[in-house]
Amino acid sequence: MNAPLTGKRVAILVEDDFEDRELTGPLEALRAAGATVTLVGPTAGAEFKGKRGLAMVKSEAAAGAVA
């Protein structure tokens, strides 16, 4: 499998009522391409629900804590 983003880090910002496929589609594609993806929300460990109720994600880091 070709992983062109291996070694790259990507942050995706998340909050309640995100557009389900606009978050999950790129998230899956980035991870499949080998990127290390961190979901960043207002607080670490918070759960966020998509607008359509199709996806639920948990933030891995707080916005003020990432560099």
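Residues numbered from 1 in each chain as written. Predicted model: local features only at pLDDT ≥ 70, side-chain atom pairs only at ≥ 80, totals over all residues. Heavy atoms only, no water.

**Q** Can you tell me about the nonpolar core, naming the residues and giving the values?
**A** Ranked by size, the top nonpolar core spans twelve residues in total: Ile-12, Val-14, Phe-18, Leu-23, Leu-27, Ala-35, Val-37, Leu-39, Ala-46, Phe-48, Ala-55 and Val-57. In contact with Phe-48, not counting residues within four places along its chain, are Val-14, Glu-15, Asp-16, Phe-18, Gly-41, Pro-42, Ala-55, Met-56, Val-57 and Ser-59. (Core = buried A, V, L, I, M, F, W, Y, C linked by side-chain atoms within 4.5 Å. Buried < 20%, exposed > 50% of the residue type's maximum accessible area, 1.4 Å probe, protein only. Contact = heavy atoms within 4.5 Å.)

**Q** For the sheet that holds strand E1 (residues 9-13), give the residues involved together with the corresponding values.
**A** Neighbouring strands of a sheet are bound in pairs by backbone hydrogen bonds; such pairs are parallel or else antiparallel. As summarised here, the arrangement of the three strands in space is E1-E2-E5, forming an open sheet in which the pairing is parallel. The open sheet has two free edges, formed respectively by E1 and strand E5 (61-62), since each of these has just one partner strand. Taken together, the five bridges between E1 and strand E2 (residues 36-41) define a ladder with parallel strand orientation. Bridge pairing links Leu-13 to Val-40 in E2. (Pairing = 2+ DSSP bridges. Helix = DSSP H or I, 4+ residues; strand = E, 2+ residues; numbered from the N terminus.)

**Q** Provide a residue-level description of the pattern of salt bridges, including the pertinent values.
**A** Scanning the model with the defined rule gives three salt bridges in all. As a salt-bridge pair, Lys-51 and Glu-19 come within 3.4 Å of each other at their nearest N and O atoms. Taken as a pair, Lys-51 in the loop between strand E3 (47-49) and strand E4 (56-58) and Glu-19 in the loop between E1 and helix H1 (20-32) lie far apart in primary sequence, 32 residues in all. The salt bridge partner of Arg-31 is Glu-60, with a shortest N-O separation of 3.6 Å. Taken as a pair, Arg-31 in helix H1 and Glu-60 in the loop between E4 and E5 lie far apart in primary sequence, 29 residues in all. Residue Arg-31 is classed as partly exposed on the basis of its relative accessible area, which comes to 39%. Its relative accessible area of 45% is what places Glu-60 among the partly exposed residues. Connected through salt bridges with shared partners, the residues Glu-19, Lys-51 and Arg-52 form a single ionic network. (Salt bridge = Lys/Arg side-chain N within 4 Å of Asp/Glu carboxyl O.)

**Q** Could you give an account of the pairing of E2, with specific residues and numbers?
**A** As a crossover connection, the stretch from E1 through H1 into E2 is right-handed. Bridge analysis of E2 against E5 gives two bridges, and the strand direction is parallel. From the neighbouring strand, Gly-41 faces E5, where its bridge partner is Ala-62. (Right-handed = clockwise from strand over helix to strand, strands pointing away.)

**Q** Describe H1, with residues and values.
**A** Here H1 contains 13 residues, and its C-alpha end-to-end distance of 18 Å stays within 8% of the 18 Å for a straight helix at 1.5 Å per residue. What H1 keeps buried is the set Asp-20, Leu-23, Thr-24, Gly-25 and Leu-27. Tucked inside the fold, the buried residues of H1 contact E1, E2 and E4. One or two steps after H1, the chain reaches Gly-34, where phi turns positive at roughly 100°. (Expected span 1.5 Å × (residues − 1).)

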